[in-house]
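Secondary and tertiary structure notes
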Amino acid sequence: MSELDIRLVPLLRDNYGYLIREPESGLVGIVDPSEAGPVLDMAESLDWKITHILNTHHHPDHTGGNREIKRATGATVVGPKPDESRIPDIDVALDDGDTYDFGKARAEVIFVPGHTRGHIAFYFPGSKAVFSGDTLFLMGCGRLFEGSPEQMWRSLSRLRELPEDTRVYCGHEYTQANARFALSVEPENKALQERARRVDDLRAERKPTVPGIMADERATNPFLRADEPALAEAIGMSREDPVKVFAEVRQRKDNF
């Protein structure tokens, strides 16, 4: 399997899109383009011709650039089948367990509802990379706009099972705020304390915190740790089911 060349594209206020190039075929994709201008500009500066648009979910801050980019490049739009009707100009609809060959790089499609009812993630094992959209953030997760705590916990648990060296490319630069919340939930977590310091240093230099790696998420992301006794005890729910623990942590984040 081929390894992708991945370039982060800052979009809107705090969104990230990702230009991905498969070197053997020369195919170029953009993951979750909020807007067209910065994407087209960066692609031109790299001398990359966009051939694909990959959408994780339907929200406009992840699909807003679809039509303009497709008009400019003729790109094929790939997105979630469960949300096919809400993805602008979709050409290829993918469901849970599908694979999608992007040149010599193969994406595995993981259905991860909760933030929206049709959300998917694109996992490229050959690149040790997952594009998680707004389901999994670094040290956070998306709001439950269209799903239940049970759905989101199941989705996050699936992503948590990816290899620990998987790089997590998420949809927003929320990491510093997420770290502050995580410390309010689990203040004695030494790995979290250290990671929060690293994040503060990066943001002080106006550098992105993305990508992260799954090993760090398992150790520091409270939304992946609802079945960890230390976290449940920290919020006074040591005898509760992980779904209830997750729901409590999510509610606390909503009100943080």
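What comes next concerns the included structure. Being a predicted model, the structure only gives us computed values, none of them experimental. (Residues numbered from 1 in each chain as written. Predicted model: local features only at pLDDT ≥ 70, side-chain atom pairs only at ≥ 80, totals over all residues. Heavy atoms only, no water.)

1. Things to note about the pairing of strand E8 (residues 105-111)
The pairing of strand E7 (residues 99-102) with E8 spans four bridges and is antiparallel. Paired with Tyr 100 across the strands is Ala 107, a residue of E8. As judged from the four bridges shared by E8 and strand E9 (residues 120-124), these two strands associate in the antiparallel manner. From the neighbouring strand, Ile 110 faces E9, where its bridge partner is Ala 121. (Pairing = 2+ DSSP bridges. Helix = DSSP H or I, 4+ residues; strand = E, 2+ residues; numbered from the N terminus.)

2. Focus: the packing of aromatic side chains
Inspection of every chain in the model, using the stated rule, returns 10 aromatic pairs. Summarising the aromatic geometry, the rings of Tyr 18 and Tyr 169 are spaced 5.2 Å apart at their centres and angled 75° between planes, so their arrangement reads as edge-to-face. On the criterion of sequence distance, the pair formed by Tyr 18 in strand E2 (residues 15-21) and Tyr 169 in strand E13 (residues 167-170) is long-range, its members being 151 residues apart. With a relative accessible area of 2%, Tyr 18 lands in the buried category. (Phe/Tyr/Trp six-rings, centres within 6.5 Å; stacked < 30°, edge-to-face > 60°. Buried < 20%, exposed > 50% of the residue type's maximum accessible area, 1.4 Å probe, protein only.)

3. Examining the environment of Val 112
Structurally, Val 112 is set in the loop between E8 and E9. In this structure Val 112 comes out as buried when scored by relative accessible area, which is 0%. With 20 residues separating them along the chain, Val 112 and Ser 132 place their C-alpha atoms 8.7 Å apart.

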